[in-house]
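Chain and residue survey
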Amino acid sequence: MGWVGLARGQVSCACLLLGGSSGLLCVVVSAYQWRALLLAQGRRLDLAELIRLYLIGLAFSHCLPLGIGSDAIKTLYSGRVLGSYPLAAATLALARLLGLLALSLLLGGVLCVWRQLLPAPLGTVAATASLMVTLALACLLVITRLTSRRQWPAWLAKTGGLSYSPYGKGVAAMQAALATLAARPSSFLSSLGFSLCFWIVAALNYYSYGLALDIHLPLPCYLVAIPLVALAAALPLSLFNGLGIREGTLVAILALYHVPVSKALFLAACVDAQGVLLALGGWLAYVLQRREGK
């Protein structure tokens with residue numbers, strides 16, 4: 001029994017190490033996706049700088065309501081480096097949209113290949129979410145392409161059109177980025193690939209912690225559960241970065257596989273603790289940056 005207990009402890013430590021490593025890999029993959037989007041628009045930022053900005057944004061997202069800190073800080077600092085805040089905001093919006101598209105493609109792929117591993121309610125919810133996200137993104141691109149060809153009235157063009165105010169510049173930059181995506185989707189394939197990798201690594205993150213907690217579910221189950229948890233957490237129902245919504249959704253999904261509530265909550269707590277550690281790293285990077293700025 002002593003050897004069995006030791007072996008189990010070693011396996012659990014290995015799974016925890018794999019979980020932590022995949023959590024860090026999520027940060028790197030997300031930064032690569034951001035870099036690919038900038039390259040598609042003819043701009044470049046150093047990867048280390050993008051990783052630092054991601055961590056700083058994550059730190060602020062844990063403190064500001066509705067998780068708005070991440071995108072706001074990324075826009076602020078990347079806009080300062082790029083010399084264009086509207087371009088930074090448009091790039092981040094594109095990253096979110098491509099992330100949603102990758103999420104939809106992942107759900108559809110898992111449903112096609114591993115449908116038998118999913119309980120009936122979960123499969124139906126995943127199919128509905130995938131279809132709704134895909135239709136919403138398709139409608140957005142069609143509307144953007146149509147409005148990009150529209151001739152603005154002479155009086156609006158005379159005042160500078162959408163570029164007359166800072167808000168208008170942001171709208172114009174976003175419209176230009178979406179028009180580029182609609183006209184040349186192939187230039188954004190690398191960013192879409194990184195988005196797919198992000199969701200796969202995020203599922204591996206939960207899968208590793210699950211194994212450490214003796215939750216033995218196939219990886220495809222997490223490939224469906226984690227995107228659905230992320231969609232639920234993105235809804236403006238929680239004040240602080242989806243706190244409570246994310247954990248409740250994960251517990252509800254794992255209950256379909258007869259996973260005890262205590263283990264499901266412990267799994268969510270492990271991922272939350274990982275997020276707090278990454279946020280602390282972001283605060284450290286922020287403090288160091290302020291000192292260098294001074």
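Heads up: the structure comes first, above all this text.
This is a predicted model, so every value here is computed, not measured. (Residues numbered from 1 in each chain as written. Predicted model: local features only at pLDDT ≥ 70, side-chain atom pairs only at ≥ 80, totals over all residues. Heavy atoms only, no water.)

Things to note about the overall build of the protein chain
The cut-off we apply is this: Secondary structure elements follow DSSP: runs of H or I no shorter than four residues count as helices, runs of E no shorter than two count as strands, and numbering proceeds from the N terminus. Only protein chains enter the accessibility calculation, which uses a 1.4 Å probe; a residue is then buried when its area is under 20% of its type maximum, exposed when over 50%, and partly exposed in between. Contact definition: two residues touch when any of their heavy atoms are within 4.5 Å.
Each helix and strand counted, the protein chain has 11 helices and zero strands in total. The order of helices and strands in the protein chain, counted from the N terminus, is α-α-α-α-α-α-α-α-α-α-α. Taken over 294 residues, the protein chain has a buried fraction of 44%. Here the analysis covers contacts within the protein chain between residues at least 6 apart in sequence; of these, 72% occur between residues at least 24 apart.

Notes on the side chain of serine 22
Inspection of the secondary structure assignment puts serine 22 in helix α1 (residues 2-40). Classification of serine 22 as buried rests on a relative accessible area of 3%. Excluding anything up to four places from it in sequence, serine 22 contacts Val201, Leu204 and Asn205.

What about the environment of leucine 277?
Locating leucine 277 in the fold gives a position in helix α11 (residues 261-293). For the pair leucine 277 and alanine 59, spaced 218 residues apart in sequence, the C-alpha to C-alpha distance is 9.4 Å.

Considering unusual backbone geometry
Its identity is not glycine, yet aspartate 214 carries a phi of approximately 65°, on the positive side. By the element assignment, aspartate 214 lies in the loop between α8 (189-212) and α9 (219-234). According to the relative accessible area criterion, aspartate 214 is partly exposed, its value standing at 47%. Notably, histidine 258 is not glycine yet its phi reads approximately 65°, a positive angle. Tracing the chain through its elements places histidine 258 in the loop between α10 (245-255) and α11.

Describing the packing of aromatic side chains
Filter applied, for reference: Two rings from Phe, Tyr or Trp (for Trp, the six-membered ring) form a pair when their centres sit within 6.5 Å of each other. Planes less than 30 degrees apart are called stacked, planes more than 60 degrees apart edge-to-face, and all others tilted.
Tallying each qualifying case throughout the model produces four aromatic pairs. Here the aromatic rings of tyrosine 207 and tyrosine 222 are separated by 5.9 Å at their centres, their planes lie at 75°, and the arrangement is edge-to-face. One end of the pair, tyrosine 207, is in helix α8; the other, tyrosine 222, is in helix α9, with 15 residues separating them in the sequence. What makes tyrosine 207 partly exposed here is its relative accessible area of 23%. Of the residues examined, tyrosine 222 reaches a relative accessible area of 1% and is grouped as buried. With a centroid separation of 6.0 Å and 85° between ring planes, the pair formed by tryptophan 283 and tyrosine 286 is classed as edge-to-face. Taken together, the residues span about one helical turn, with tryptophan 283 and tyrosine 286 both in helix α11 at a distance of three residues. Tryptophan 283 sits in the partly exposed class, given a relative accessible area of 29%.

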